[in-house]
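# Observations on the model geometry
Single-letter residue listing:
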Amino acid sequence: MQKKVKTESSSTERFRVKYAIGFKLAVIMGVMVVCALGGLTFLVNYIVSQNNRVTAEDNNLTLNTRSASAAENELTTIRSNVFQLLDLVNVIGSGRSSAVYRQAQSFFFERNSHIGAILLMDKDINFESPYNLRMVNNTFFLSNEIEVSKLNDFITQNKEVIQRSCAGETIALNASPLFETTLMAMFYPWAESGQDQTCIILFSIENLTDSLALGTKSINSTFMVNDAGDLLLHSDTDLVKSGASYANYPLVENMRENNDQDRQIVFKDNDGVEYFGAYHKISMADIGVLTIVETKKVYEAINRTTQDNLLLSIAILCASILFILIYTHFALSKPLKVLKKAVEEITHGNFNNEYIDILDLVRKDEIGVLNKGTKDEQQFLNTFGKFTNQNVAKAIATKSIDFEPHLKDLTIFFSDIRGFTAISDGFKNRFGDDSAANIIGFLNDYMSRMVNCVTLSHGNIDKFEGDAIMGLWGIMRDDDLSFEHLPDSDPKKAELARIHKEHVMEDAVNCVRGIIAMRYALMKYNKDAEAFTKLHANEPKALYKPHIRIGCGINTGRATAGIMGSDDKMEYTAIGDAVNFASRTEASNKPCGTDILITEDTYNLLKNDYIRTAENNYQIPEKYAEDEIIVEMIPVSFDVKGKGEQHFYGVVNMPKFDIEKFFRGSDPDFVVDPDCEIAIGPKGPKTMNEVRTLLGIDIPDFEKVNLNEEENKIQIKQ
């Protein structure tokens, strides 16, 4: 007999495939495709990046040249129009207050609405000089909410610039900061009537902005600076309004240092961002038009192309892998994977897994033989589990069962059908030789419902003995009792004892939950049995299912658990006084007028946390409130062999039992039968007498009850 058990992880380790055949073939093909496409992608990316760089530089330079030309044309047009107006004024010569003068001025501003003012000013800035001139586009100032008085402030602030222009220098200034709108001022030398003056033109930069296409979504950015590096034009008008200086901008510095007319360079700004930059000086006022584009944005297209190539490579790689997988799909990969998963599930105790159902049993090769063998193994394990215990069978399959006997604290359950002998005789009288099949059919219907309750409450069916059922809670739990040998002074002993007690309490509560669920299941069985009997009432040998009552006994105690039997027949079960006492408890239901009895040991285990008693001041801790149990003490004491005086307790109800939640553990579509939900839960009984009335049990006269001492080994102590 096996003494040492391997762990579940070690048992499944033997079935782990490190490198599947299909995977190996796919990797080989994938490496070849990756090498070929990777090299091609790198080469194409390099060539395209070089071409794209040249194209980007050419486009940037072309855009800069076109922008500079547009700016120069716009400034030339403004100067030409203004100079024509001034020449016309001089020709008129009828005085600045004449109607013709005013009409010419009005006509000019009507056609040049973007020009705000035209000033002729000498170097002395004498506002009273007859040679100085001021033409103001009042409509422009009103529409832009500019005070005309600011012209004087502008002239005063730029006295030095006026003197330079009077000396023959053409100068461009950003007038936006003073006027709080995007305005530009051009200072042109003007010599008329022997006077050295400057012609100052104040105009909106909107036309220039349109000419330079600053409003487009191009990745290129164009701006304009004057000889001092002050920003005259930019797509970000806030920079212009704030009077920003680009004198220290690397591209502007390069333009001033090299004094070239135009040039294209690669540079990094003060933040370290790399750009392609082009500049062009126009023929007036030493104005520079500069166009930049971030190299990162230029290479975005290349990166997208690279990504596209990578995606294409991945697609080809996937297609290649798919081809290999399809090629091996029917021959090796799929059947072996399914077989592997089926075996893994079996080793984990899941005998009826989905992979078993799709094994190809028709194949005539080696894989077909393995599939057939695995299917036979599954059928054997299912049959073995039915003859022993499904959980035990799974534990054996996973090699997690300990073949050595152990003492365990268990909760043991026995149930029995009341009057089964009479029921059996009734089948024999009605069906004769056919009675066996009818009896077995009836028992299977009844027991399948009861077993479902045990399974859903985490119990294990130990055995069936005729109409009797034996169940165990906690037998599969791996609880080590060695802590009991630790000295009382060891703090680990108290902690381990507490954990162990919680496990035993959990098993006991699960047992009560499962057995009280049987009350609902039995009521539903009786309802279905009545309908079945009515359905077949008019047949010659009318089929029927009897209305039944059962008794259930629950005890918690220490028992010996282990493999018992011989080499030819073994059984994993539990034996001991605790088991015997549970059986005797079940037999006491009839004289006590109950359907479910628990022993004093089980009661004492649960009373503080799950049962309202004087010891807990009739209060259930919130942690255990959902599992509250209502019991009533049977009003007689029992003299039990080896136990002394004992009281049994009839289980009345678990008032917060959720019937639907419980049974949906095995049937997701379960719906509570309204005729049967009075058995347990919120609508269930509140006293033992209500249970008796519900189940049709007579209230016993405990003073006259005389238990069969020989059968039950229990005596009522009067």
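Everything below is about the structure shown above.
Every value quoted in this text rests on a predicted model; they were computed, and no experiment measured them. (Residues numbered from 1 in each chain as written. Predicted model: local features only at pLDDT ≥ 70, side-chain atom pairs only at ≥ 80, totals over all residues. Heavy atoms only, no water.)

### A short note on the overall build of the chain
Short version of the rule: The helix count covers DSSP runs of H or I at least four residues long, the strand count covers runs of E at least two residues long, and both are numbered beginning at the N terminus. Buried means the residue's accessible area, taken with a 1.4 Å probe over protein chains only, is under 20% of the maximum for its type, while exposed means over 50%, and partly exposed covers the values in between. We call two residues in contact whenever any of their non-hydrogen atoms come within 4.5 Å of each other. Accessibility throughout is a Shrake-Rupley quantity obtained with a 1.4 Å probe, and a residue counts as covered only by protein chains that appear here.
Per the secondary structure count, the chain includes 23 helices and 21 strands. Buried residues in the chain amount to 46% of all 718 residues. Pairs at least 24 residues apart make up 64% of the contacts formed inside the chain by residues separated by at least 6 positions. Accessible surface, the chain: about 37800 Å² in total, of which carbon and sulfur atoms supply 52%.

### Quick notes on the packing of aromatic side chains
To be explicit about the condition: Working definition: a ring pair exists when centres of Phe, Tyr or Trp rings (six-membered ring for Trp) sit within 6.5 Å. Plane angles under 30 degrees give stacked, over 60 give edge-to-face, the rest tilted.
Under the counting rule described, the total for this entry stands at 25 aromatic pairs. With a centroid separation of 5.6 Å and 75 degrees between ring planes, the pair formed by Tyr249 and Phe267 is classed as edge-to-face. Of the two residues, Tyr249 is situated in the loop between helix 9 (237-241) and helix 10 (250-258) and Phe267 in strand 8 (residues 262-268); the sequence distance between them amounts to 18 residues. We classify Tyr249 as buried; its relative accessible area is 13%. A relative accessible area of 7% means that Phe267 is categorised as buried.

### With respect to helix 18 (residues 577-587)
For clarity, the threshold we go by: Picture the helix axis, draw a direction to every C-beta atom, and the arc is the one those directions span.
For helix 18, the complete set of buried residues consists of Ala578, Val579, Phe581, Ala582, Thr585 and Glu586. On an axial view of helix 18, the arc spanned by its buried residues comes to 165 degrees, and they lie on one face.

### Here's the deal with the environment of Trp190
With respect to the helices, strands and loops of the structure, Trp190 is situated in strand 4 (residues 183-192). Here Trp190 falls in the buried class, since its relative accessible area comes to 8%. Between the alpha carbons of Trp190 and Ala167 there is a distance of 9.4 Å; along the sequence they are 23 residues apart. Residues in contact with Trp190, not counting those within four places in the same chain, are Phe83, Leu86, Asp87, Asn90, Leu120, Gln195, Asp196, Gln197, Thr198 and Cys199.

### Considerations on the pattern of salt bridges
Should their charged atoms come close, side chains of opposite charge can pair. As a reminder of what qualifies: We define a salt bridge as a contact between a side-chain nitrogen of Lys or Arg and a carboxyl oxygen of Asp or Glu at a distance within 4 Å.
Applying the stated rule across the entire model yields 26 salt bridges. The closest approach of N and O atoms between Asp227 and Arg164, which form a salt bridge, is 3.4 Å. Pair noted here: Asp227 is in the loop between strand 6 (221-225) and strand 7 (231-233) and Arg164 is in helix 6 (residues 159-166), with a separation of 63 residues, a long-range link. Note on Arg164: relative accessible area 29%, which makes it partly exposed. A salt bridge links Asp409 to Arg558; its shortest N-O distance comes to 2.9 Å. Residue Asp409 is located in strand 11 (residues 406-417), and its partner Arg558 is located in strand 14 (residues 550-565); the two are separated by 149 residues in the primary sequence. Linked by salt bridges that have partners in common, Asp445, Arg449, Lys524, Asp528 and Lys545 make up one network.

### As for the environment of Leu694
With respect to the helices, strands and loops of the structure, Leu694 is situated in helix 22 (residues 688-695). Separated by 10 residues in sequence, Leu694 and Gly684 place their C-alpha atoms 9.3 Å apart. The contact partners of Leu694, leaving out residues within four places of it in the chain, are Met523, Ile678, Ala679 and Pro685.

### Let's talk about the pairing of strand 13 (residues 468-473)
Keep this limit in mind: Strands are labelled as partners when DSSP assigns at least two bridges between them.
Of all 6 residues in strand 13, 6 are buried, a share of seventy percent or more. In this sheet, strand 13 lies alongside strand 11 in antiparallel orientation, the contact comprising 5 bridges. Across the sheet, residue Thr411 finds its bridge partner in strand 13, namely Trp473. Where strand 12 (residues 460-465) and strand 13 come together, 5 bridges link them in antiparallel fashion. Each bridged residue has a counterpart across the sheet, and for Asn460 the counterpart in strand 13 is Leu472. Here strand 12 folds back onto strand 13 in antiparallel fashion, the turn holding 2 residues, of which Gly466 has a positive phi close to 65 degrees.

### So, the sheet that holds strand 6
Keep this limit in mind: Axis definition: a line fit to C-alpha positions, over the contact stretch in the case of helices; interaxial angles, taken between N-to-C directions, run 0 to 180 degrees.
On the basis of which strands lie adjacent, the open sheet formed by 5 strands has the order 7-6-10-9-8 and antiparallel pairing. The sheet is open, and its two borders are formed by strand 7 and strand 8, each paired with just one other strand. Across this sheet, the average inter-strand angle for adjacent strands is 30 degrees, counted without regard to direction. Direction of pairing for strand 8 relative to strand 9 (residues 274-281): antiparallel, over a ladder of 7 bridges. Of the residues in strand 9, the one forming a bridge with Arg263 is Tyr279.

### Thoughts on the state of the cysteines
Just so we agree on the cut-off: Throughout, disulfides are identified as pairs of cysteine sulfur atoms within 2.5 Å of each other.
All chains considered together, the criterion is met by 0 disulfides. The thiol of Cys511 is unpaired, and the distance to the nearest cysteine sulfur, on Cys552, comes to 9.0 Å.

### Details of the sheet that holds strand 2 (residues 133-136)
Strand order in the open sheet made by the 5 strands is 2-1-5-4-3, with antiparallel pairing throughout. Each edge of the sheet is formed by a strand with only one pairing partner; in this case those strands are strand 2 and strand 3 (171-174). Sheet twist, expressed as the mean angle between neighbouring strand axes with direction ignored, is 20 degrees. In this sheet, strand 5 (residues 195-204) lies alongside strand 4 in antiparallel orientation, the contact comprising 10 bridges. Residue pairing across strands places Pro189 opposite Thr198, the latter belonging to strand 5.

### Some details on helix 22
Within the span of helix 22, buried status applies to Met688, Val691 and Arg692. Viewed along the axis of helix 22, the buried residues span an arc of 100 degrees, placing them on a single side of the element. In this fold, the buried residues of helix 22 make contact with helix 17 (491-535), helix 19 (589-592), strand 17 (630-633) and strand 20 (649-653).

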